[in-house]
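Remarks on the overall topology
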Amino acid sequence: MVKRFGPVGIIDIGSNSVRFVAYGGAARVPSTLFNEKIMAALGRGVARDGRLEEEGVAKTLEALARFRQLAREMRLKKLHTVATAAVRDAKNGKAFLKQVAELGLRPRLLSGPEEAALSGLGVISAVPDAKGVVADLGGGSLELIGVARGAAGAGISLPLGVLRVGADPRREDISSAIKAGIKKSRLKDAAKNSGLYLVGGSFRALALLDMKTQGHPLPIVHHYRINPARLADLRAILATLDVEELKRLTGISLARLPTLPAAVTILEAMIETLGPRRAIVSAFGLREGLLYGDLDQPTRDEDPLLAAALEIGDRLGRFGDHGAALDQWMDPLFPDESRELKRYRLAACLLGDIAWNAHPDYRAERAVDLAIHGNWVGIDANGRAVLGRALCSAFSGDSGFSPEILTLLRPGEDARVSAWGRAIRLAQRLSGGTEALLRKTSIGLEPGRVVLSIPRKHHELYADSVDRRLHLLARALGRVADVRFT
């Protein structure tokens, strides 16, 4: 059963950007209903003279008044308003918060450790098995917190935001500041041979720059790994190309681009100091941590990919959710799969009926687009390609699957997940997309054969269209088809 919530909103007053996001859909993995930001650069004045500059304040208050009105019209059930490092450290921060309250908002000023804790929860919500250190880089500060076994430790906040350190900081200075900050904490060893999870707009922009300049076939930043060896190349690209060319190439905003050289330096210093095995970008951070923190433990424990697939499949399917039954039905055909492949197969089954109302010629295209480009978490680029390939086969679009995306599959996965799709296609034709009829039948393997069993009293379920799909599935598995009426 899908646990729906919302709509819920968050206004995030950061040191570089101010953002309003409204969420709805499934409680475990909310869908974004609305998302708007302005680049107010509140932290620039704090870095210069310790005060929020008047222009940034005026721009922020104007945006907040709009966001408050939008929130009213959206009839949000809850609206979080949080402020972070720039407001926390500014001499006129309290006066600013008073102005925010006068707009009818209830701003919460986060401490550095609170900001780190929320970012840690955000990463855990998207990457439940995250182990290492979460690094949230903003305009005014860098938050670091250890994560392991689904929990976040004690976090710290360092004055190392991209606006605060300047356009060309020395890596040695950044490294020294990080070492001093983590000296008396467990963070100094938390990332060694583990993960460094990167949160914040600057890190997402670096990932996008890396992907675009390498021709990555699927430029989705969540769960993207940045190779430390590429950082020198990214620095050279930023120094060589002008901002207009960079914007055209990557789509990164003109306001964000000038801070990226500093982000490279900070990332280099963290890798040097913390010694992680890998650096992984997370699309989820503080805002998602706020939502995750409001959930009860059973909801937190749900798999984020499967929870999202269940919500989408239930909403777009013809006769409600029957993805779990579909996965159970076809499980005997794939007895040797890893835990991760079984998880992806269940996700594919939950999405196995999502394109029924598209034009027949474009059902595969629609299903593949959602599988590959959907706002999923708990999945990497390989997983997206697996889902896309399976659904392409399920909706009979095998010949149109992208050769570029195929390169993201591991050896042997193309044939395997294509067979998933053929099994889904057979099951949906056999049962008419209904769970009750599907459960009356079974399918399995015998030496050299794929055996479909149908109760004799339901023999009329077997038609030419079912026979064709059974033979296609058997061929994909390197066997012959056999139907038995029991």
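Residues numbered from 1 in each chain as written. Predicted model: local features only at pLDDT ≥ 70, side-chain atom pairs only at ≥ 80, totals over all residues. Heavy atoms only, no water.

Let's talk about the pattern of salt bridges
The criterion, for reference: For this document, the term salt bridge refers to a Lys or Arg side-chain nitrogen within 4 Å of an Asp or Glu carboxyl oxygen. Only runs of H or I of at least four residues qualify as helices and only runs of E of at least two qualify as strands under DSSP, and these elements are numbered from the N terminus. Each residue is placed in one exposure class: buried if its accessible area under a 1.4 Å probe, protein chains only, is under 20% of its type's maximum, exposed if it is over 50%, and partly exposed if it falls in between.
Applying the stated criterion to the full structure yields 35 salt bridges. The partner of glutamate 337 in a salt bridge is arginine 416, and the shortest N-O contact between them spans 3.1 Å. Here the residue glutamate 337 occupies a position in the loop between helix H15 (323–330) and helix H16 (339–350), and arginine 416 occupies one in helix H20 (residues 413–431), the gap between them amounting to 79 residues. Looking at glutamate 337, the relative accessible area reads 8%, which means it is buried. With its nearest N and O atoms 2.8 Å apart, the salt bridge here joins arginine 439 to glutamate 435. Taken as a pair, arginine 439 and glutamate 435 lie in helix H21 (residues 435–439) at a separation of four residues, close to a single helical turn. Taken together, the shared-partner salt bridges in this structure form one network comprising Asp327, Asp331, Asp336, Glu337, Lys342, Arg345 and Arg416.

Concerning the packing of helix H8 (residues 201–214) against helix H11 (residues 260–274)
Filter applied, for reference: Fitting a line to C-alpha atoms yields each axis, with helices limited to the stretch in contact; the angle taken between N-to-C directions then spans 0 to 180 degrees. Orientation categories follow fixed angle ranges, with anything under 35 degrees roughly parallel, anything over 145 roughly antiparallel, 65 to 115 roughly perpendicular, and all other angles oblique. Contact between two residues is taken to exist if any of their heavy atoms lie within 4.5 Å; hydrogens are not considered. Three classes are used, and their members are as follows: Ala, Val, Leu, Ile, Met, Phe, Trp, Tyr, Cys and Pro are nonpolar, Asp, Glu, Lys and Arg are charged, and the others, Gly among them, are polar.
Relative orientation of the contacting elements H8 and H11 amounts to 95 degrees, with a least axis distance of 10 Å. When the interaxial angle is binned, H8 and H11 end up roughly perpendicular. Across from Ser202, Phe203, Ala205 and Leu206 in H8, the residues of H11 making contact are Leu260, Ala263, Val264, Leu267 and Met270. Class assignment of the residues belonging to the contact of H8 with H11 gives a composition of eight nonpolar, one polar and no charged.

Considering the pairing of strand E12 (residues 442–446)
Quick note on the threshold: DSSP bridges decide pairing: two strands pair if at least two such bridges lie between them.
In the sheet, E12 pairs with strand E13 (residues 449–454) via five bridges, with the strands oriented antiparallel. The partner of leucine 445 across the bridge, within E13, is valine 450. Hairpin connection from E12 to E13: two residues lie between these consecutive antiparallel strands, with glycine 448 at a positive phi of about 75 degrees.

Points about unusual backbone geometry
Phi at arginine 75 takes a positive value of approximately 55 degrees, unusual for a residue other than glycine. Among the structural elements, arginine 75 can be located in the loop between helix H2 (54–74) and strand E4 (78–83). Since its relative accessible area comes to 70%, arginine 75 is described here as exposed. The phi torsion at asparagine 193 lies on the positive side, around 60 degrees, for a residue other than glycine. Along the chain, the position of asparagine 193 falls in the loop between helix H7 (187–190) and strand E10 (195–199).

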